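Residue-level structure breakdown
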Amino acid sequence: MKVAVFSLMMNLPNAVTGESLTAQQKFHNVISQAVLAEKLGFDAYGVGERHGAPFLSSAPPVVLTAIASRTSRIRLLTTVTVLSVLDPVRVAEDYATLDHLSGGRLEMIIGKGNDPRHYPLFGITEEEQWDSMEERYRLLKQLWTEENVTWEGKYRPPLREVTTFPRPYQASIPIWHGSASSTRSTELAAKFGEPIFSSNAFHPQAKYKALIDHYRERLAYYGHDPAKAVVGAGSGSLYLGNTTEEAIRRYRPYYTAFSATESAKHNQSPFHSLEDQIENGPALIGSPEKVIEKILNYHEAFGHTVLSIGVDGLTESEQQEQLQRFAEEVLPVLRREIPSRVWESGPVLAGEETAVLSKS
């Protein structure tokens, strides 16, 4: 299994120390975390996109470019790019630039986002989110693969003979489809034979498994081999302890603080306590053995070969501790038990052959 570390750059007063980072300190924290993730042998680092407090991740391509300048191997992900509200021309230009500056290490995960505050900011309604995302996705693909594009749609002015620059460094910047709540995402991914990334963050396993099963069914419908499907999945909060009881005790202040945020309330988690979330949800909180057991259980249900983990909100020393413990005590087992060829061949550059679904 390949493992990515990700951050939404949530910047709240620390639940244990009460201390707050300035925005600049948080930016440096995220960059340092990515550098550490590469050093520890993780496969990718992702930055999400949010447009409102307490998140500072409104400009992922800028943050990922800074990370690219400090790293050399780790893949760079957008977790997710909220394409439903963005101009595809601007996206094509920004991320093609990042693709060059990172040496072809970029992979984009697109989605509608998980925060309804961004819709009025960018002039669409929440009811339009799926139609908007599909239109903008199709245009983005066209801008990255064709020159002299002429196009007309609903969510931006028409284009006449437009070629965006720079052209991507990779022959085709890989696009994953973020999947959390609707078959609209899995349907679009299946139609184009592209990977999905299940958020798998706030609800019981069955909810996300149904969407992943739908994706594989629709891959077959559109003529793709579901046996070659590439699936990634997120996870709940990560906290490792020498025992599960210790992990719960140390993590509880963070759980309590996050549960009080507007973001957590919007997610409408069905779990009524931390223990319920650990027992019946995706949270990776416990001893290394318990966490491994849970990941393997979810792999059996999802068949995913990429996992993302996050340590947002912890003190910087705890972030380092948790990433190091995961790298030393969990990651080797996942590598052994769940083979994955994703990202093994490196970036495919312009002029070379590429096939997304072959990266199983």
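The structure reproduced in this document is the subject of the present report.

About the cut-offs
Residues numbered from 1 in each chain as written. Predicted model: local features only at pLDDT ≥ 70, side-chain atom pairs only at ≥ 80, totals over all residues. Heavy atoms only, no water. Helix = DSSP H or I, 4+ residues; strand = E, 2+ residues; numbered from the N terminus. Rg over C-alpha atoms; globule rule 2.2 N^0.38 Å. Buried < 20%, exposed > 50% of the residue type's maximum accessible area, 1.4 Å probe, protein only. Contact = heavy atoms within 4.5 Å. Areas by Shrake-Rupley, 256 points an atom, 1.4 Å probe, with all protein chains shown as cover. Lys, Arg positive; Asp, Glu negative; His and termini not counted. Charge placed at Lys NZ, Arg CZ, Asp CG, Glu CD. Pairing = 2+ DSSP bridges. Axes fitted to C-alpha atoms, helices over the stretch in contact; angles between N-to-C directions. Salt bridge = Lys/Arg side-chain N within 4 Å of Asp/Glu carboxyl O. Phe/Tyr/Trp six-rings, centres within 6.5 Å; stacked < 30°, edge-to-face > 60°. Lys NZ or Arg CZ within 6 Å of the ring centre and 35° of its normal. 1 Å grid on protein atoms, 1.4 Å probe; cavity = no way out; pocket = protein on both sides within 12 Å on 5 of 7 lines; lining within 4 Å. Points joined across faces, edges and corners; volume = space filled by probe spheres on them. Nonpolar A, V, L, I, M, F, W, Y, C, P; charged D, E, K, R; others polar.

Some points on the overall build of the chain
The helix and strand inventory of the chain stands at 12 helices and 12 strands. Computed over C-alpha atoms, the radius of gyration of the chain comes to 20 Å, within 12% of the 21 Å expected from 2.2 N^0.38 for 360 residues, which places it in the range of a compact globule. With respect to the three principal axes, the spread of C-alpha positions in the chain is 60 × 45 × 40 Å. Burial analysis of the chain (360 residues in total) assigns 55% to the buried set. Partitioning the intrachain contacts of the chain with sequence separation of at least 6 by distance along the chain shows that 73% fall at a separation of at least 24. When the accessible surface of the chain is totalled, it reaches about 15,300 Å², and 52% of it is carbon and sulfur. Charge-centre separation for the chain: the mean point of 36 positive side chains lies 1 Å from the mean point of 44 negative side chains.

Let's talk about the sheet that holds strand 7 (residues 175–179)
The strands making up a sheet are joined through hydrogen bonds of the backbone, oriented either antiparallel or parallel. The strand order around the closed barrel built from eight strands is 1-2-3-4-7-8-9-12, with neighbouring strands paired in parallel fashion. Between one strand and the next, the sheet's axes are offset by a mean angle of 25°, whatever the strand orientation. Of the strand pairs in this sheet, strand 4 (residues 106–111) and strand 7 are connected by three bridges, and their pairing is parallel. Counterpart to I109 in the pairing with strand 7 is W176. Along the sheet, helix 2 (residues 60–70) contacts strand 2 (44–47) and strand 3 (75–82); its crossing angle with strand 2, the most-contacted strand, is approximately 150°. Along the sheet, helix 3 (residues 88–101) contacts strand 3 and strand 4; its crossing angle with strand 4, the most-contacted strand, is approximately 150°.

Observations concerning the pattern of salt bridges
Enumeration according to the criterion identifies 22 salt bridges in this entry. R250 serves as the salt-bridge partner of E318, at 3.8 Å between the closest nitrogen and oxygen. Residue E318 is found in helix 12 (residues 316–337), and its partner R250 is found in helix 8 (residues 244–259); the two are separated by 68 residues along the sequence.

What about the packing of aromatic side chains?
Applying the stated criterion across every chain yields a total of eight aromatic pairs. Summarising the aromatic geometry, the rings of Y137 and F192 are spaced 5.2 Å apart at their centres and angled 80° between planes, so their arrangement reads as edge-to-face. On the criterion of sequence distance, the pair formed by Y137 in helix 5 (residues 129–145) and F192 in helix 6 (residues 183–192) is long-range, its members being 55 residues apart. Consider the rings of Y298 and F302, whose centres lie 5.4 Å apart with planes at 85°: the pair is edge-to-face. Taken together, the residues span about one helical turn, with Y298 and F302 both in helix 11 (residues 288–302) at a distance of four residues. Taking the relative accessible area as the measure of exposure, Y298 reaches 8% and is therefore buried. Ring pairs connect the aromatic residues W176, F197 and W343, which therefore count as one cluster. A cation over an aromatic ring shows up here: R50 above the ring of F55, its NZ or CZ 5.5 Å from the ring centre.

Observations concerning empty space enclosed by the protein
Across all of its chains, the model carries two cavities of 30 Å³ or more by this definition. Approximately 60 Å³ is the volume found for the largest cavity. In terms of residue count, helix 11 provides more of the lining of the largest cavity than any other element does, three residues in total. In terms of residue class, the lining of the largest cavity is built from five nonpolar, four polar and one charged. Taken as a whole, the second largest cavity encloses approximately 30 Å³ of empty space. Around the second largest cavity, the lining residues are W130, M133, E134, R184 and L188.

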